[in-house]
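Here are the chains, one letter per residue:
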Amino acid sequence: MKVNELRESFLDFFKERGHRIVPSSALIPRDDPTLLFTTAGMVQFKPMFAGTVTLDYTRAATVQKCLRTSDLENVGKTARHCTFFEMLGNFSFGDYFKKEAIEYAWDYSTRVIGFPKDAIWVSVYEKDDEAVELWNKHIGVPGEKIVRLGKKDNFWGPAGDSGACGPCSELYLDRGPSYGCGDAECKPGCECDRFLEFWNLVFNQFYQDTNGALSPLPQTGIDTGMGLERLATLIQNVETIFSTDELMQLVNFVCRESGVSYEGKNISPVNVLVEHARALTFAMSDGAYPSNDGRGYVLRRILRRALRFGRQLGISDPFIHRMVKPVVDIYGVQYPELLKSLDNVSRVLQGEEVRFLETLENGMDRLEEGMKSLQGRGEKTLPGKDAFILYDTFGFPLEMTNEIAGENGLAVDIPGFDAEMDKQRQRGKQSWKAGDLGIERLFESASKEAGDTAFRGYEQNSVRAKISVMGSEAKLVKSLLAGEKGFIVLPETPFYGESGGQVGDQGLISSEKGAVFRVDDTRKLNKTMIHVGELVEGALSAGDEVTAEIDIVRRNLIRANHTATHLLQASLRRVLGDHVHQTGSLVEPERLRFDFTHFKALAEDELMQIEDLVNDVIWRAIPVNTQVRDLDEAVKLGAMAVFDEKYEDKVRVVSVPGFSMELCGGTHMDNTGKIGAFKIMREASPGAGMRRIEAITLKGVLERMKANGAIVSSIMGALNATESEVLRRVSDLQERVRGLEKELEKTRTKNITADMDGIIARAIEVSGTKIIAHQVAGAGVEELRALADAIRVKCRDSVVCLGSESNGKPMLLCAATPPAVGKGVDSGAIIKKASPHIGGGGGGRKDMAQAGGKDAKGIARALEEALKTAQSMLGGQ
Ligand code: SER
């Protein structure tokens, strides 16, 4: 069976048995911020297993795209490890359980794909007598082929930090003693290649919470997983996953295009390229991009590793991006989403490749040298500092350095690396205005002492409350006096603490006794809001009753920019496509900044379309809804979530009906009309595969109009022109300036050449050749050339050395006529000797050479040197 026939046969088998065929979910789990990637078929069904969501079906089967990086370092070094793989799985949500799951697996393995019954072994969780019983009595697997294993092997833990879990049972194929270690006791669980596990049946019975505690699930479930590549290896009877039909096509592509051979094919760098290019193509087409943290850094590690192995094959040009097309050609039928993003993915990859290849060679040289000298000294550990320099300067992920060191019998001092990283973080850390690094710790103690703050700012602009905790710049304090800077924590507040890209509120906290604390910023730590500022009048003590009131105009500007950010995201997706996802956002009173995934600069008309669309929604004055919902429900309704954000079970959903729906904790206008107007100011790229838009709204638009108006007025004043005349006047002026410049040049050349006779008269003559050395005030290189040419025409046997200073920059030029060159004059050599005097360098031909420099004071000395050199070339003194 070909791989594609396998996919079909698996789904058909389970469809016939009442399973709903569900498409693979994306590699980025949309509703599970605790997982970087989809690691198993069950990930999209986590809520169904947990019993929090019910569907109109209770059994399902999938072919699921998965990515796991736990084995990254093994890829290419073994026959069967990969990062990306496809998992065949059948699932039951409160429907069938162990008995049917075991029957189905046995039936499919022996009848459909035809594995010999006596070659199948099974493992079960050591305490699961029921499973042993089923395999033995019901199916007829002999007792000696049923192996009991412990929790490590046969208990499936939850995907992510919590979820369904339970004991499992695995099916193994005995490939015969020739694959084995020879040990008489060899059986499933042994490290050798004889017994290959191909199917894992998980009997979901428990729910594990984030603390690791187990509780029984409201309903049992089945979650099975079978690695497609591994299964194909067994069925097609080949030695490695890379020799199965689909992956082999990629292997052939690499060999054909790069001219490398597939020698030692089981363990080959070619396999690394194939596996990694496929993983990157899949992950990126689902919206992950290489970057410096989280998911993006995983991709960066994969790509950089591929480039390192490419180097081993002698491939030094960007190559991985060229593999995207062949990957899509093979997998596009099964996964049409690949087709949509083909160009985007290969372009971003190419950019990434180019960038890393610039430093890879130097980094490798440095690392190899370092390792050699360590080995020479008999040392076994690469210092953390070296690994850090490789990371910081040459872009080597720590894991990659570690892997290379390992290949050379060395370890890396990881704590040393972490310490260097920490030091760098400290250096770059933003601190509270006063620049005190201890402030974060101080906020932490304040948060611990005060507990959560109730945020009232969605509905209220002011609240009355008693101060729970206060601090100065240095420590927690019981009171603050006028003139002191510090912070205040209240049990409830209308002040929004900086989070989700929205800046903190400003305003006043005042007491009836006349104390006024100016809030410059509000920070949020855990769930505590911290009002940071200065006590401008009176005195305040912990326990005092105060009124906290936000600066409402500033907050409204923030609201406008935040709601506009949502409209912008929705418009971007409409105009550019669904691949647009938020990667960053900043919402300030003055402007908004939105970063998103997209592969090329936006065209003028796209920007205009987006701007128009946002303004249209604004001027339709649509009410903005905010609702608190269950996370699962919100995601099901299609609310946009930020990939890396951690959401709680209850989330706020902000929607502009019919246009935008996002999970968001920020503050918004209650009607789009209140945004007033929206104007894009800038479009740029903050990194590979990303774009950034900066825009303004409401007062920002008016301010910009005023500023532009002021500029236009002052230009009008200076030109003494009306608004409608301004443009024409400027172009008239430009034309006049161009004309004047030309005239000036002519006059200058005339002046210079007018003095020519005087210059020639001062020439020194050696062996019949006139040597002229002369400094011309304020001439540019064109003028020097004109003068030298004019002299050469007049004196048929001459060497002309000229120097000048123009706009503070010194310049030298030397020209010689053919007779002078015939006598041994070399202008290039003259310039080479003279130019160091002006702090520069240059050269040229024998008949013409020039140089620029930095030190205009040296022109006279340079000309003297030129003169002397020419003299000696002509045999003079
Ligand atoms: N969740 C299990 C696994 O990934 C079975 O699908 O192995």
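The coordinates are above.
Residues numbered from 1 in each chain as written. Predicted model: local features only at pLDDT ≥ 70, side-chain atom pairs only at ≥ 80, totals over all residues. Heavy atoms only, no water.

*Asks:* Can you help me understand the packing of helix α9 (residues 294-312) against helix α13 (residues 398-407) in this one?
*Replies:* Helix packing geometry: the angle between the two helix axes and the distance between the axes. Two elements in contact, α9 and α13, have axes separated by 9 Å at closest approach and are oriented at 35°. In this structure, α9 contributes Y297, R301, R304, R305, R308 and F309 to the contact, and α13 contributes L398, E399, M400, E403, I404 and E407. (Axes fitted to C-alpha atoms, helices over the stretch in contact; angles between N-to-C directions. Helix = DSSP H or I, 4+ residues; strand = E, 2+ residues; numbered from the N terminus. Contact = heavy atoms within 4.5 Å.)

*Asks:* What exactly am I supposed to notice about the packing of helix α24 (residues 827-834) against helix α25 (residues 859-873) here?
*Replies:* Across the interface, α24 lies against α25 with an axial gap of 8 Å and an inter-helix angle of 140°. Relative to α25, the element α24 is oriented oblique. For the pair α24 and α25, the sense of crossing is right-handed. Residues A829, I830, K833 and A834 of α24 form the contact with α25, whose participating residues are A862, E865, A866, T869, A870 and M873. A class-by-class count of the residues in the contact of α24 with α25 yields 7 nonpolar, 1 polar and 2 charged. (Parallel < 35°, antiparallel > 145°, perpendicular 65-115°, else oblique. Left-handed = near helix turned anticlockwise from the far one by under 90°. Nonpolar A, V, L, I, M, F, W, Y, C, P; charged D, E, K, R; others polar.)

*Asks:* Is there a simple way to explain the state of the cysteines in this structure?
*Replies:* Under the definition given, this model contains 0 disulfides. C168 provides the cysteine sulfur closest to C165, a residue in no disulfide bond, and the two sulfurs are 11 Å apart. Accessibility expressed as a relative area gives 0% for C165, which makes it buried. (Disulfide = S-S within 2.5 Å. Buried < 20%, exposed > 50% of the residue type's maximum accessible area, 1.4 Å probe, protein only.)

*Asks:* I would appreciate a short explanation of the site of the ligand in the present structure.
*Replies:* The immediate surroundings of the ligand are formed by A40, M42, R68, M87, W156, N200, V202, D223, T224 and G225. Side-chain polar atom of N200 to an oxygen atom of the ligand: 3.0 Å apart, as the coordinates give it. Residue D223 places a side-chain N or O atom 2.7 Å away from an oxygen atom belonging to the ligand. Protein chains bury 94% of the 230 Å² of accessible surface belonging to the ligand in isolation. Elements supplying a minimum of two residues to the shell around the ligand: β8 (195-208) and β9 (214-227). With 3 residues, β9 is the largest single contributor of residues to the shell around the ligand. Grouping the amino acids of the shell around the ligand by side-chain chemistry returns 5 nonpolar, 3 polar and 2 charged. (Near = heavy atom within 4 Å. Polar contact = N/O pair within 3.5 Å; in protein donor to acceptor, adjacent residues only side chain to side chain. Areas by Shrake-Rupley, 256 points an atom, 1.4 Å probe, with all protein chains shown as cover.)

*Asks:* Where do I start with the pattern of salt bridges in this structure?
*Replies:* When their charged atoms lie close together, side chains carrying opposite charge are able to pair. A complete count under the given rule lists 56 salt bridges for this structure. A salt bridge links E633 to R629; its shortest N-O distance comes to 2.8 Å. Shared partners join several salt bridges into a network, and the residues in it are K77, R305, R308, E403 and E407. (Salt bridge = Lys/Arg side-chain N within 4 Å of Asp/Glu carboxyl O.)

*Asks:* Even after reading the chapter, I still don't get α25, so can you show me in this structure?
*Replies:* Since the α-helix packs 3.6 residues into each turn, any two residues three or four apart lie on the same face. Across its 15 residues, α25 extends 21 Å between first and last C-alpha, which sits within 8% of the 21 Å expected from 1.5 Å per residue. Of all the positions in α25, only I859, A862, L863, E865, A866, L867, T869, A870 and Q871 are classed as buried. For α25, the elements touching its buried residues are β31 (764-766), β32 (769-777), β33 (798-806), β34 (809-816) and α24. G875, located one to two residues past α25, shows a positive phi value of around 85°. (Expected span 1.5 Å × (residues − 1).)

*Asks:* Help me out: how do you make sense of unusual backbone geometry in this one?
*Replies:* When glycine is set aside, most residues are seen to have a negative phi, and most peptide bonds are trans. Of note, the phi angle at N237 is positive, near 55°, even though the residue is not glycine. Within the element layout of this structure, N237 appears in the loop between α6 (228-235) and α7 (245-258). In this structure, N526 is a non-glycine residue whose phi angle is positive, near 55°. Mapped onto the secondary structure, N526 falls in the loop between β20 (516-525) and β21 (528-537). For N526, a relative accessible area of 59% gives the class exposed.

*Asks:* I tried to follow a positive patch on the surface on my own but got confused; where do I start?
*Replies:* A contiguous patch of positive charge, built from R738, K742, K746 and K750, is present on the exposed surface. Structurally, K746 can be placed in helix α20 (residues 723-754). Looking at K746, the relative accessible area reads 61%, which means it is exposed. (Patch = residues over 30% accessible without salt bridge, like charges linked within 9 Å, V, L, I, M, F, W, Y side chains within 5 Å. Lys, Arg positive; Asp, Glu negative; His and termini not counted. Charge placed at Lys NZ, Arg CZ, Asp CG, Glu CD.)

*Asks:* Even after reading the chapter, I still don't get the packing of aromatic side chains, so can you show me in this structure?
*Replies:* Given two aromatic rings, their pairing is described by the distance between the two centres and the angle made by the two planes. By the definition in use, this model includes 31 aromatic pairs. Judged by centre distance (6.1 Å) and plane angle (70°), the rings of F97 and F203 are edge-to-face. In this pair, F97 sits in the loop between β3 (84-93) and α3 (98-112) while F203 sits in strand β8, placing the two residues 106 residues apart along the sequence. You can call F97 buried: its relative accessible area is 17%. Note on F115 and F198: the rings are 5.2 Å apart at their centroids and 75° apart in plane angle, and the pair reads as edge-to-face. Residue F115 is located in the loop between α3 and β4 (120-125), and its partner F198 is located in strand β8; the two are separated by 83 residues in the primary sequence. The structure contains a cluster of three or more aromatic residues connected by ring pairs, namely F10, F13, F14, Y96, Y104, Y108 and W199. The positively charged end of R175 is found above the aromatic ring belonging to Y179, 4.1 Å away from the centroid. Taking NZ or CZ as reference, R295 lies 5.9 Å from the ring centre of F37, over its face. (Phe/Tyr/Trp six-rings, centres within 6.5 Å; stacked < 30°, edge-to-face > 60°. Lys NZ or Arg CZ within 6 Å of the ring centre and 35° of its normal.)

*Asks:* Could you clarify how one ought to interpret the pairing of strand β27 (residues 650-656) in this entry?
*Replies:* Of all the 7 residues making up β27, 6 are buried; the element is thus mostly covered by neighbouring parts of the structure. As judged from the 6 bridges shared by strand β26 (residues 625-630) and β27, these two strands associate in the antiparallel manner. Residue pairing in the sheet places D630 in a bridge with K650 of β27. With 4 bridges connecting them, β27 and strand β28 (residues 660-663) associate as antiparallel partners. In the strand pairing of β28, V653 is matched with L663. (Pairing = 2+ DSSP bridges.)

*Asks:* In this structure, what is going on with the sheet that holds strand β29 (residues 678-687)? I would like to understand it.
*Replies:* Within a sheet, each strand pairs with its neighbour through backbone hydrogen bonds, oriented either parallel or antiparallel. Read across the open sheet, the 4 strands follow the order β24-β25-β30-β29; overall the sheet is antiparallel. The open sheet has two free edges, formed respectively by β24 (582-587) and β29, since each of these has just one partner strand. With direction set aside, neighbouring strand axes in the sheet form an average angle of 15°. Note that β29 and strand β30 (residues 690-697) share 7 bridges and pair antiparallel. Within β30, the residue paired with A684 across the bridge is R692. In the packing of helix α19 (residues 698-719) onto the sheet, contacts are made with β29 and β30, and the angle to β30 comes to roughly 80°.

*Asks:* Any chance you could explain the nonpolar core here in plain terms?
*Replies:* Side chains that are nonpolar tend, in soluble globular proteins, to be buried together. In terms of nonpolar packing, the biggest core is built from 139 residues, with W135, W199, I320 and F396 touching the most fellow members. In terms of residue count, helix α11 (residues 337-376) provides more of this core than any other element does, 12 residues in total. V654, V656, F659 and I693 belong to the second-largest nonpolar core, a separate cluster that totals 29 residues. (Core = buried A, V, L, I, M, F, W, Y, C linked by side-chain atoms within 4.5 Å.)

*Asks:* Teacher, can you tell me more about the sheet that holds β27 here?
*Replies:* Taken in spatial order, the 3 strands make up an open sheet running β26-β27-β28, and their pairing is antiparallel. Every interior strand has two partners, whereas the edge strands, β26 and β28, have only one. In this sheet, adjacent strand axes meet at a mean angle of 25° when their direction is disregarded. Packed onto the sheet, helix α16 (residues 552-576) meets β27 and β28 and runs at close to 120° relative to β28.

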